[in-house]
Amino acid sequence: MVNIIRRNLIDLPINYSLNYYWCSGFMISAFMVVQILTGVVLSFLYVADSMVSFSIVMNFSNDSFYTWCLRYWHIWGVNLLFILFFIHMGRALYYSSYSKKGVWNVGFILYLLLMVEAFTGYILPWHQMSYWAATVLTSVVESLPFLGQMLYKYIVGGFSVNEQTLIRVFSVHVCLGFVILGFMVLHLFYLHKSGSNNPLFSVTSFSDLIYFHSYFSIKDFMCFVVTFLSMVIILFYVPDGLVDIEAYLEADSMNTPVSIKPEWYFLTFYAILRCINSKLGGLALIAAFLFFLWMPSFNNSTAYSIYRQLIFWGIISMYTSLIYLGGCHPEYPYLYVCKGFSILMVTLMFLFKLFWVPCNSVRF
């Protein structure tokens, strides 16, 4: 065991050219562990009951300073995880890390699992926005061909979102956290097996390798400390900065909010679903984007090809624009702009992953 730890955390050979973007992987792992620990403690205090869940969650903030800290750290922790995950995936796309199939496939599965984990956690407080967000998403599942009706009844446990849904969501949320932890270990295994990518794409030379400790362990720890302190400052100064006002109202099936919208990290997909007239059409567009995002390809020219850089930043621009547009009221001209940006984003992702300049054509 000591040899395994030493080989993977101390004497691991790393290319010296790695920059701070490579610290995002360590911080994701560290903050995911913190998120699981706070989630486990909160699960001891939570009761999955539609009659009392909302009051229990509100009591976390009102009864004790420690439960207040746990709850709001858990809220901000998931936002931080998605920020780090987007940085991590953006770096992997920019430097063509998707050519390492094992690492990329497990990482993409982790992204999907993290979205499921975040959404199930969003439902648990049983406030207005979480209830109606669950209603909207399950209606999308119901519209799937062939298996839609069966999946809907299996997930919801009835004809509409109810207490059975809350119990099932709570079970999935608790169990899925440990599944994500296992996939993170698997991701690390494939990463150390195939080796990490680097900005210079120098994979054949052994003259530019250094040990992970203490050169990069100190860099990772410094980034973790800075991010942790920033989170503490945010936690005490603007704890409700990302909390919707509907989160302070108990779920009411007879009172639909004026504007239903999920958290910011789901707004891109929500904007796509909302701007396409057909639910199946919106799902197909999201599935196409995720498929092209996942598709591994052999390309090592991103950092040297101006065309691929333009496409890459075009994808980033479309994605962030859809985050903003997804939070806007569904009316003209936002819906038309969303539709254009959605189709353009999928097209750019297709071009980015399937058309490239071969590595051997790059001139150093």
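Going by the annotation in an unreviewed UniProt entry, the name recorded for the protein chain is Cytochrome b, with Pseudanoplocephala crawfordi given as the source organism. Its UniProt record gives the protein chain a comment under Sequence similarities (unreviewed entry), which states: "Belongs to the cytochrome b family." If you open the UniProt record of the protein chain and go to Function (unreviewed entry), you find "Component of the ubiquinol-cytochrome c reductase complex (complex III or cytochrome b-c1 complex) that is part of the mitochondrial respiratory chain. The b-c1 complex mediates electron transfer from ubiquinol to cytochrome c. Contributes to the generation of a proton gradient across the mitochondrial membrane that is then used for ATP synthesis."

Bringing unusual backbone geometry into the picture now. Cis geometry marks the peptide bond from Y332 to P333, where omega comes out at 5°. Structurally, P333 can be placed in the loop between α12 (306–326) and α13 (334–354). At S96, a residue that is not glycine, the phi angle is positive and equals roughly 60°. Relative to the helices and strands, S96 is located in the loop between α4 (65–94) and α5 (101–123).

Moving on, we come to the packing of helix α3 (residues 53–62) against α4. A pair of packed helices is captured by two measures, namely the crossing angle of their axes and the spacing between those axes. Running from N to C, α3 and α4 point in directions that differ by 115°, and their axes come no closer than 6 Å. In terms of orientation, α3 lies roughly perpendicular with respect to α4. Contacts from V57, M58, N59, F60 and S61 in α3 reach T67, W68, R71 and Y72 in α4. Class assignment for the residues of the contact of α3 with α4 results in five nonpolar, three polar and one charged.

All right, on to the side chain of T38 then. You can see T38 is positioned in helix α2 (residues 23–45). For T38, the side chain forms a polar contact with the main-chain oxygen of Q35, separated by 2.9 Å. Among residues more than four places away in sequence, those in contact with T38 are L70, W73 and H74.

The rules behind these values
As a convention, each chain's residues are numbered from 1 in the sequence order in which they are written. Reporting in this predicted model follows two pLDDT cut-offs: at least 70 for local features of residues, and 80 or more for side-chain atom pairs to be given and counted; totals over whole chains, interfaces and linings ignore these cut-offs and use all residues. As a convention, hydrogens and water are excluded, and side-chain values are obtained from all of the structure's heavy atoms. UniProt positions are given in the numbering used here, feature names are shortened, and annotations may be inferred rather than shown by experiment. Under the scheme used here, helices are H or I runs from DSSP no shorter than 4 residues and strands are E runs no shorter than 2 residues, and both carry numbers assigned from the N terminus. Under this scheme, a helix contributes an axis fitted over its contacting stretch, all axes are lines through C-alpha atoms, and angles between N-to-C directions fall in the 0 to 180 degree range. Angles below 35 degrees are treated as roughly parallel, those above 145 as roughly antiparallel, those between 65 and 115 as roughly perpendicular, and all remaining angles as oblique. Pairs of residues are marked as contacts when any of their non-hydrogen atoms sit within 4.5 Å. Under the scheme applied here, ten amino acids are nonpolar (Ala, Val, Leu, Ile, Met, Phe, Trp, Tyr, Cys and Pro), four are charged (Asp, Glu, Lys and Arg), and all others, including Gly, are polar. A 3.5 Å cut-off defines polar contacts: any pair of N or O atoms within that distance qualifies, except that in protein one atom must be a possible hydrogen donor and the other a possible acceptor, and neighbouring residues in sequence count only when both atoms are side-chain atoms.

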